[in-house]
Amino acid sequence: MRLVESEAESYLRAIDDSLVRPPGAAEPPTELPGDGVGSMRAVSELIATALEGATRSGGPRFFHFVMGGVTPAALGADWLTSTLDQVAFNWVSSPLAARLEQVSLDWLKELFALPREWSAVITTGATAANLVGLAAGRRWWGLQHGVDIDARGFAELPAVPVFSSGYLHASAVKALGMLGIGREQARILARDAAGRLDVQALTAALNALAGKPAIVIATAGDVNTGDFDPLAELATLAHAHGAWLHVDGAFGLFAALSPTTQHLTEGIDEADSVAVDGHKWLNVPYDTGFAFVRDPSLHAGAFASSAAYLGTEVLARPVFGNLSPEMSRRARSLPVWATLRAYGRKGYREMVERHLRLAQRVARQVDEAPDLERLAEVPLNVVCFRFRPGGVAEHALDALNRKLGDMVLEDGRVYFGTTEYAGKAAFRPAIVNWRTTEEDADLIVRVVRELGARLVSSTALAG
């Protein structure tokens, strides 16, 4: 423990200025020993391997995948979580973990302006949170047909109608597959190449169902741009046509914390289920997420399990192991509670607003650079742009930007990869880490332009 503590302190002292991707790639011992080498040697070997090869994803210059870092309060609480090793299934297994989960989820409902009476659970991330919300939606859909799908399955039922914009995230698609609804079942209704929702097409599709139940998936925070589907409008449509509205708010729901972006989340309280990530803008350790469901009975019915040895609980003590896929659950509530207690509403609002300002700062730098092109507005914390130097034909830009994206990752000073936006290869750095400063954000444009110039020069020489 003392060794890990010392090495962790050294690691964190250096993380602000470290290369995000170290040049080394240490290989740990790979053969299972007959006789163990002992705790101290095993941990020492692991530390050496990690220091040489671990991506500094908790640092201020990691802008990939919309990943946050870990606040000091959350980190300390996470260490305590491992020490206590609680089983967060129900009150009997750990009153501590269960009560902290109750309190943490109530605090989050308050932050996100979600009704307090909604059911909620901590999950492993937005993928599991999407699974929970859509499982409740699937249960509702089956009951509309007079069938308890969780008990009897899909036999003799029609396909589940699912509608979404082009912002639909891969995690929601994965959840649809795991639930048996089908990965290809979502009908994408987009009005442009960027994927923005075609509201008229959705209205027509719902009208065509003539009141039959359907599921609508909305996105609060598109991964490429931070853009939002029109939540309030979707809620009105869904309710008018008897559809279930699920909102994937992985990082975007944190817009509710700032008066400048609260309008983006208007209507969230009219949804039927909501998914949020914790290891993004909340800056708690991997892996953490949250699922919120309007109807507690639908939520519990989708994941209910029982056995004599598990016992029963009074309603005031929710069995969180019956509200998510996992029955064996880590006490993720400890770091969530600790970070919210440590920094409060004001601390998180200030962090979100600082990140919003940094994103606008990067957007201005992109706009001012003659060899860069911003591809989308910046409503939140993601800046979508590409390298577009003079003299390079449009048809060659995608390959150029993908190569440049590889160079950025290999360089290691900042970290973000490429995406595809409106048919164009592009970058989408996202600012969510509590450590990130103006100096860190300024490296985004500086590194892209420097490496881009080098790439163009080497390509010209090769040609």
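Residues numbered from 1 in each chain as written. Predicted model: local features only at pLDDT ≥ 70, side-chain atom pairs only at ≥ 80, totals over all residues. Heavy atoms only, no water.

What follows covers the overall build of the protein chain. Helix and strand counts for the protein chain stand at 13 helices and eleven strands. Taking 2.2 N^0.38 as the reference for a compact globule, 463 residues should give roughly 23 Å; the C-alpha atoms of the protein chain span a radius of gyration of 23 Å, in line with that estimate. For the C-alpha atoms alone, the extent of the protein chain along its principal axes is close to 70 × 60 × 45 Å. Counting only residues that meet the buried cut, the protein chain has 52% of its 463 residues in that class. (Helix = DSSP H or I, 4+ residues; strand = E, 2+ residues; numbered from the N terminus. Rg over C-alpha atoms; globule rule 2.2 N^0.38 Å. Buried < 20%, exposed > 50% of the residue type's maximum accessible area, 1.4 Å probe, protein only.)

The next thing to look at is helix α10 (residues 296-303). Every buried residue of α10 is accounted for by L298, H299, G301, A302 and F303. Against β1 (119-123), α5 (126-144), α6 (149-152), β5 (243-248) and β7 (289-293) lie the buried residues of α10. (Contact = heavy atoms within 4.5 Å.)

What follows covers the packing of aromatic side chains. For the coordinates displayed, the defined rule picks out ten aromatic pairs. Ring plane angle 50° and centroid distance 6.3 Å describe the contact between F254 and W281, whose orientation is recorded as tilted. Note that F254 is positioned in the loop between β5 and β6 (273-277) and W281 in the loop between β6 and β7, a separation of 27 residues in sequence. Both residues of the pair, F254 and W281, belong to the buried class. Linked through ring pairs, F112, F254, W281 and F292 together constitute an aromatic cluster. (Phe/Tyr/Trp six-rings, centres within 6.5 Å; stacked < 30°, edge-to-face > 60°.)

What follows deals with the pairing of β6. Counting buried positions over the five residues of β6 gives five, a clear majority of the element. Where burial is concerned, the two faces of β6 agree: the one with S273, A275 and D277 and the one with V274 and V276 are both buried. Sheet analysis places β5 next to β6, joined by three bridges and oriented parallel. Directly across from H246, in β6, lies its bridge partner S273. Where β6 meets β7, five bridges bridge the pair, whose relative direction is antiparallel. By the bridge assignment, S273 is partnered in β7 with V293. (Pairing = 2+ DSSP bridges.)

Looking now at the layout of surface pockets. Considered as a void within the structure, the largest pocket measures approximately 780 Å³ in volume. Forming the boundary of the largest pocket are 27 residues, of which A8, Y11, L12, L75 and W79 lie nearest the centre. Among the elements of the structure, α1 (2-14), α2 (39-53) and α3 (72-84) are those that each provide at least two residues to the lining of the largest pocket. Looking at the lining of the largest pocket residue by residue, the classes come out as 18 nonpolar, six polar and three charged. (1 Å grid on protein atoms, 1.4 Å probe; cavity = no way out; pocket = protein on both sides within 12 Å on 5 of 7 lines; lining within 4 Å. Points joined across faces, edges and corners; volume = space filled by probe spheres on them. Nonpolar A, V, L, I, M, F, W, Y, C, P; charged D, E, K, R; others polar.)

Now for the pairing of strand β11 (residues 424-427). Looking at chain direction, strand β10 (residues 418-421) and β11 are connected through four bridges and run antiparallel. From the neighbouring strand, E420 faces β11, where its bridge partner is A425.

Right, let's get into helix α11 (residues 333-368). For α11, with 36 residues, the first-to-last C-alpha span of 44 Å runs short of the 52 Å given by 1.5 Å per residue. By the largest-angle criterion, G344 marks the main kink of α11, which is about 85°. (Expected span 1.5 Å × (residues − 1). Bend = angle between axes of the 7 residues up to and from the residue.)

Read these as layout, nothing more, since geometry by itself doesn't imply function.
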